[in-house]
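What follows is the residue order along each chain.
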Amino acid sequence: MQSKRFQKRTEDFICGHCGARTKGQGYTDHCPKCLWSRHVDINPGDRQSDCGGLMEPVGAEAKDGGYVIHYRCLKCGFKHRVKAASDDNLDEMLKIINQPIE
Ligand SMILES: [Zn+2]
Ligand SMILES: [Zn+2]
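Residues numbered from 1 in each chain as written. Chains lettered and ligands numbered in written order. Predicted model: local features only at pLDDT ≥ 70, side-chain atom pairs only at ≥ 80, totals over all residues. Heavy atoms only, no water.

Details of the overall build of the protein
Link 1 in the chain: Summing up its helical and strand segments, the protein has one helix and six strands in all.
Link 2 in the chain: Taken from N to C terminus, the helices and strands of the protein fall in the order β-β-β-β-β-β-α.
Link 3 in the chain: Here the analysis covers contacts within the protein between residues at least 6 apart in sequence; of these, 33% occur between residues at least 24 apart.
Link 4 in the chain: Per element, the accessible surface of the protein, about 6,800 Å² overall, is 48% carbon and sulfur. (Helix = DSSP H or I, 4+ residues; strand = E, 2+ residues; numbered from the N terminus. Contact = heavy atoms within 4.5 Å. Areas by Shrake-Rupley, 256 points an atom, 1.4 Å probe, with all protein chains shown as cover.)

Okay, here's the thing in structure tokens:
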């Protein structure tokens, strides 16, 4: 059993959905352009998942003056929510904000 240390990641990543290059900020692991993410966390930021599947933004809700994005992993069906970043694409956000969240 290999123990993984908690690390704040700041590396750049390339979106698996739209191909946009995103500058890593340490917390944001989703693409600010299309909002898709990757299944790397079990709890936000822990990078403890080995799945690596693409996470589809399936819905969003307004909360505390910002947005919370709901995700579902295409590979394993894992669901989670993350706080949207301030530079996230608002058009994409508004497309999913009225989607029914299961
Ligand atoms: Zn993208
Ligand atoms: Zn997954």
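Thoughts on the nonpolar core
Link 1 in the chain: Listed in full, the eleven residues of the largest apolar core are Leu35, Cys51, Met55, Ala60, Ile69, Tyr71, Cys73, Val82, Ala84, Met93 and Ile96.
Link 2 in the chain: Looking at this core, the elements with two or more residues in it are strand E4 (54-63), strand E5 (66-73) and helix H1 (90-96).
Link 3 in the chain: Here this core gets three residues from one element, more than from any other, and that element is E5.
Link 4 in the chain: Beyond its immediate sequence surroundings of up to four residues, methionine 93 is in contact with Leu35, Ala60, Tyr67, Ile69, Ala84 and Asp88.
Link 5 in the chain: By size, the runner-up hydrophobic cluster in this structure holds five residues, among which are Cys15, Ala20, Cys31 and Trp36. (Core = buried A, V, L, I, M, F, W, Y, C linked by side-chain atoms within 4.5 Å. Buried < 20%, exposed > 50% of the residue type's maximum accessible area, 1.4 Å probe, protein only.)

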